[in-house]
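So the chains spell out like this:
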Amino acid sequence: SQLEEELRLVERMEKQQKATSATAKSQKKVRILMEGAFDLMHYGHVNAFRLGRSLGHELVVGVNSTETITRCKGPPVMTDLERTSMVRACRFVDEVIEGIPYVMTQSYLEDLMEKHRIDYVVHGDDPVIVDGKDVYAHVKQMGRYRSIPRTEGVSTTETPKLLQGHQAAPRFMKTSSILTSFRGSGMMTCEPKKLGKDDKIVYIDGDWDMFNAKHIRILTEAKALGDFLIVGVHNDQLVAEKTKSHGNFPIMDLHERVLSVMGCKHVGDVLLDAPWTIGRDVISTLNLDIVVRGTRYIDDGDNEDIQRYKVPQEMKIFRTIDATNPSLTASSCSPVHDIIKRIQENRARFQARFRKKKAKEDAYYENKHSQLESSLRNDES
């Protein structure tokens, strides 16, 4: 029968997968190196790590030091510790090397590759030119360089525009396959922990706008309370309504915020368009064991929390963590406000740096797209 045929097909596919897995384990693991500043890290960086790791088995990421970044193009917004913790928390990253110089000499890169058993160096398909020279020229000559497409529509150069409420360029397209890939499933070997029958399920929600190191701390503490972490992400309208007295929020839209959260290794699953009030229906549907106080980014937060967490408190499953406890933090606002303050305090310097980088990116994309159009015209003729 057709059902029997389908069952046999599934059985054959499972046998093939087991055989492929056994072969992969017996082979040497291919180690990939990517490096960069990763300042104001966003889902474009996460997507780059996802693509880079897909070219091998293990991804090693080098994070440039603040000292060398400052010397070459001015100080980054985020500290060494913040940038490193963001990279380390990404589900696609296996190993992190701290303090990589912003410009690596040939001998330094060779020593680095030997010390960390690197097989290939991977970077975006935009050229990396310093003092008129290709930084990766030597690695390319060795045949140990691979490129990946840049994630168009997202860049740290767009941040000043977004902070001022300006419309940015068209964003990265989101599809179900992209969402699945960011969760770590599919062809990736770094699949997230699957939910077990006896696992304690933890839930926390928030805006998660401009996902940053403080968010990582929050999710790390929340995950430590159980076995499986579900993260609720509020929609744009709700965030705008709750933060209207603070400015033009959210800076990133719902899908961008979801992708950033999904890229975090502590997250088991994400609830899109999460409800503000956590009622019995949410707790029952998600089978929650613990509800954690989420990120605070509203006025009159204490009064709101009384109603918002009333049911979890009645059920005695409500918990607080240090990272979101208003009595232990300097402000009840979302971590994004701290980033905005840093940028505003150094607005002139950051804007000049972003304009310079934006000009390079625009030139690169214009050249890339003109070459594509020329190629299509030649094919047609």
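Our subject in this report is the structure included herewith. (Residues numbered from 1 in each chain as written. Predicted model: local features only at pLDDT ≥ 70, side-chain atom pairs only at ≥ 80, totals over all residues. Heavy atoms only, no water.)

## Concerning the pattern of salt bridges
Working step 1: Scanning all chains against the criterion turns up 16 salt bridges.
Working step 2: A salt bridge links R53 to D94; the nearest nitrogen and oxygen atoms lie 3.0 Å apart. On the criterion of sequence distance, the pair formed by R53 in helix α2 (residues 43-53) and D94 in the loop between α4 (80-88) and β3 (95-100) is long-range, its members being 41 residues apart.
Working step 3: Owing to a relative accessible area of 41%, D94 belongs among the partly exposed residues under this scheme.
Working step 4: One salt bridge connects R83 with D80, and the closest N-O pair in it is separated by 2.6 Å. Taken together, the residues R83 and D80, both in helix α4 and three residues apart, mark about one turn of the helix.
Working step 5: Here R83 falls in the buried class, since its relative accessible area comes to 1%.
Working step 6: The exposure class assigned to D80 is partly exposed, which follows from its relative accessible area of 36%. (Salt bridge = Lys/Arg side-chain N within 4 Å of Asp/Glu carboxyl O. Helix = DSSP H or I, 4+ residues; strand = E, 2+ residues; numbered from the N terminus. Buried < 20%, exposed > 50% of the residue type's maximum accessible area, 1.4 Å probe, protein only.)

## Remarks on the environment of R319
Working step 1: Of note, R319 is situated in strand β12 (residues 318-319).
Working step 2: For R319, a relative accessible area of 35% translates into the label partly exposed.
Working step 3: For the pair formed by R319 and L225, sequence separation is 94 residues and the distance between their alpha carbons is 8.9 Å.
Working step 4: Those residues in contact with R319 that lie beyond four places of it in its chain are L225, I290, V291, V292 and R293. (Contact = heavy atoms within 4.5 Å.)

## As for the environment of H246
Working step 1: Here H246 shows up in the loop between α10 (236-242) and α11 (254-262).
Working step 2: In this structure H246 comes out as partly exposed when scored by relative accessible area, which is 29%.

## Topic: the sheet that holds β3
Working step 1: One open sheet accounts for five strands, arranged β3-β2-β1-β4-β7; its pairing is parallel. Each edge of the sheet is formed by a strand with only one pairing partner; in this case those strands are β3 and β7 (145-148). Across the sheet, the mean angle separating the axes of adjacent strands is 30° when strand polarity is ignored.
Working step 2: Strand direction decides the pairing type here: strand β4 (residues 120-124) and β7, joined by four bridges, are parallel. By the bridge assignment for β7, H123 is matched with S147. (Pairing = 2+ DSSP bridges. Axes fitted to C-alpha atoms, helices over the stretch in contact; angles between N-to-C directions.)

## A few points about the sheet that holds strand β11 (residues 290-292)
Working step 1: The five strands lie next to each other as β10-β9-β8-β11-β12, forming an open sheet whose pairing is parallel. Edge positions in the sheet fall to β10 (269-272) and β12, since each has one partner strand and no second.
Working step 2: In terms of strand pairing, β11 meets β12 through two bridges, oriented parallel. Each residue of the ladder has a partner; that of V291, found in β12, is F318.
Working step 3: Running over the sheet, α11 touches β9 (228-233) and β10 and is turned about 165° from β9.

## Some points on the nonpolar core
Working step 1: Of all hydrophobic cores here, the largest spans 42 residues; its most connected members are F49, V87, I204, W208 and L219.
Working step 2: Setting aside anything within four residues of it in sequence, one finds F49 in contact with M34, F38, M41, L59, V61, V87, C90, F92 and V93.
Working step 3: One finds L109, I118, V139 and Y145 within the second-largest nonpolar core, a separate group that totals 15 residues. (Core = buried A, V, L, I, M, F, W, Y, C linked by side-chain atoms within 4.5 Å.)

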